[in-house]
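# Coordinate inspection notes
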Amino acid sequence: MYSFKAFLPTKLIFGVKALQKLPKEAKKLGTKAMIVTGRHSTKKSGLLDRVLSLLKSAGISTVVYDKITPNPTTTQVDEAAEIAKEEGVQFVIGLGGGSPIDSAKCIAIASLNEGGIWNYVKVGGGKKPKSALPIIAIPTTHGTGTEADPFAVITNPETKTKVGIGYNAIFPAVSLIDPELMLTLPKNQTAYTSMDAFYHSIEAFLNKNANPYSDLLAIDSMKRIISNLPLAYKDGLDIKARTELTWANTEAGITETITGVIANHAIEHGISGYYPNIAHGLGLCVTGPYLFEHIFNQIFERLAQVGREVFGIYENNDKRAARMMIEKLRDFQDRFGLNKKLSALGVEKETLKKMANTSYEAMYGVIETTPGDLKKEDLLEILERAF
Ligand SMILES: [Fe+2]
C-alpha cells in the first residue's frame, strides 16, 4: 500500500523561448534582483547579457554574483548573502546549472536569516529558516531537477561535508525551463547531467516510499533519457532530443520532490565531498549498479519492471529480468564512458571509510528510505566494490 503528499508550488514555464517570459515574471517579484551564476559559461554564451537586458527592459536593477563553482561552498553563499543584504535585493535569480541555482536557493535563505547558511543545515546549526527571498530558476543543464524541487546541495569546505537541505521556502517561485539554453552543453556534461536525472528517477522508483504519482513520472523520464541521450550526445544541437532530456529532468525533479532519492545519492555526496572534481552524474553511474546488486533481493521486482518498461527486456522471471536490467544499464553507461572505477578517478583507498561515514551521517534521511536497512559497513562495501 502507499500514501504520499505532493506539494509543488513552483510555476513551471517550459518550452523553447520560455526565457522571453522573464521580464513579465520578474516584475511580479520586485525591482531589484541578484543574479547568481558561475564564472564562465553564461558569459561566454552571451546568456548573462541576454538576461541582464531582459531585466533592464522590465525596469529591474541587478547585482551579479558570479563566483559560484561546481560543488558550491558555504563560503560563497555567505559572501553573496552579505552583498544581497547590503544592496537590498528583493529576489534571487539562479542562472546556470545545478550549482548556481542551488546557491541562489541558499543565498535566498542566508539573506533573511542570521548566522550564515551552515546554521540552517541539519548536521550544521540545525536551525530552521523562517523565510527566504523569492527565487527564479533558469537552468542551462538537464540534470539536478532543482528547478522543480525544494532542495539545494552545499559543501562545507572545512569539514568536506556535502549535504542536501530541503525547505518549502526554497521552491523556486518561477522556473523558466528553455531547452534552447541547453544546446551549448558539452558532450561530457550532456551525459553527466542526463544520468543525474536518470538516477533521480530510478532511485525514487526503488524508494520505500514510491507511489503511483512519482512512478509514472520516473518511468516516463527514464524512457526519454534512454532514447534521447544518445541523440543529444551525437549532435548537441538536436533541439528535439534536448527538449526531451530537459523535460525528463524536470519530471525527475518532481519525482525527487514527491518521493526522494535513495542511498546512491548519499554515497555520491560522500565521494564528491572529498573529491569535488568528480562530477555528480559520473559518481552516481560509478556506484549505482553496485548499490543495486547489494540490495538486489529487496528490489529485484522493481528492477525487473524498469528492465521491461524502460529497457525493453522480454523476460518473465523477475530475478533474471532484474539482472539483465543491471547489465543493460552498465552497457548504456559504457557508451558514454561512465563505467569508471573510483581508483581511476583519483580516489585514494584510505578515504573510502571516511566517505562511507560522512555519507551515512550527513545523508541519513535517504539511507533510511532505501530498501535493505543499510549500515555504514554496507556503504563501505559498495564503495570498495566500485573502487
Ligand atoms: Fe542528483
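The structure displayed is predicted, hence computed values, not measured ones. (Residues numbered from 1 in each chain as written. Predicted model: local features only at pLDDT ≥ 70, side-chain atom pairs only at ≥ 80, totals over all residues. Heavy atoms only, no water.)

### Regarding the coordination of the iron ion
Those donors, Asp196 (OD), His200 (NE2), His265 (NE2) and His280 (NE2), are the protein atoms that reach the iron ion, and they lie 2.1 to 2.2 Å from it. Here the iron ion is ringed by four donor atoms whose angles at the metal span 83 to 169°, and the overall shape comes out irregular. (Donors = N, O, S within 2.8 Å, 3.2 Å for Na, K, Ca; no water. Tetrahedral: all angles 85-135°; square planar, octahedral: opposite > 155°, others 65-115°.)

### What about the environment of glycine 126?
Relative to the elements of secondary structure, glycine 126 occurs in the loop between helix H5 (98–110) and strand E5 (135–139). Judged by relative accessible area, glycine 126 falls into the partly exposed class, the value being 48%. Beyond its immediate chain neighbours, meaning those up to four positions away, glycine 126 contacts Asn119 and Val121. (Helix = DSSP H or I, 4+ residues; strand = E, 2+ residues; numbered from the N terminus. Buried < 20%, exposed > 50% of the residue type's maximum accessible area, 1.4 Å probe, protein only. Contact = heavy atoms within 4.5 Å.)

### What to know about the pattern of salt bridges
If charged atoms from side chains of opposite charge come close, those side chains can pair. Under the defined criterion, the tally for this structure stands at 20 salt bridges. A salt bridge links lysine 43 to aspartate 66, with the nearest nitrogen and oxygen atoms 2.9 Å apart. With lysine 43 in helix H2 (residues 41–44) and aspartate 66 in strand E3 (residues 61–68), the pair connects residues that are 23 residues apart, well separated along the chain. Accessibility expressed as a relative area gives 24% for aspartate 66, which makes it partly exposed. Here lysine 162 makes a salt bridge to glutamate 268, at a shortest N to O gap of 3.8 Å. With lysine 162 in strand E7 (residues 161–166) and glutamate 268 in helix H9 (residues 263–274), the pair connects residues that are 106 residues apart, well separated along the chain. Owing to a relative accessible area of 6%, lysine 162 belongs among the buried residues under this scheme. Through salt bridges with shared partners, a single network forms among Asp220, Arg224, Glu244 and Glu251. (Salt bridge = Lys/Arg side-chain N within 4 Å of Asp/Glu carboxyl O.)

### Looking at empty space enclosed by the protein
Taken as a whole, this structure holds one cavity of 30 Å³ or more when the rule is applied. In this structure, the largest cavity occupies an estimated 40 Å³ of space. Residue assignment for the lining of the largest cavity shows that the elements contributing at least two residues are H9 and helix H13 (351–362). Here the lining of the largest cavity gets four residues from one element, more than from any other, and that element is H9. Here the residues of the lining of the largest cavity sort into three nonpolar, five polar and two charged. (1 Å grid on protein atoms, 1.4 Å probe; cavity = no way out; pocket = protein on both sides within 12 Å on 5 of 7 lines; lining within 4 Å. Points joined across faces, edges and corners; volume = space filled by probe spheres on them. Nonpolar A, V, L, I, M, F, W, Y, C, P; charged D, E, K, R; others polar.)

Nothing here speaks to function; it is geometry throughout.
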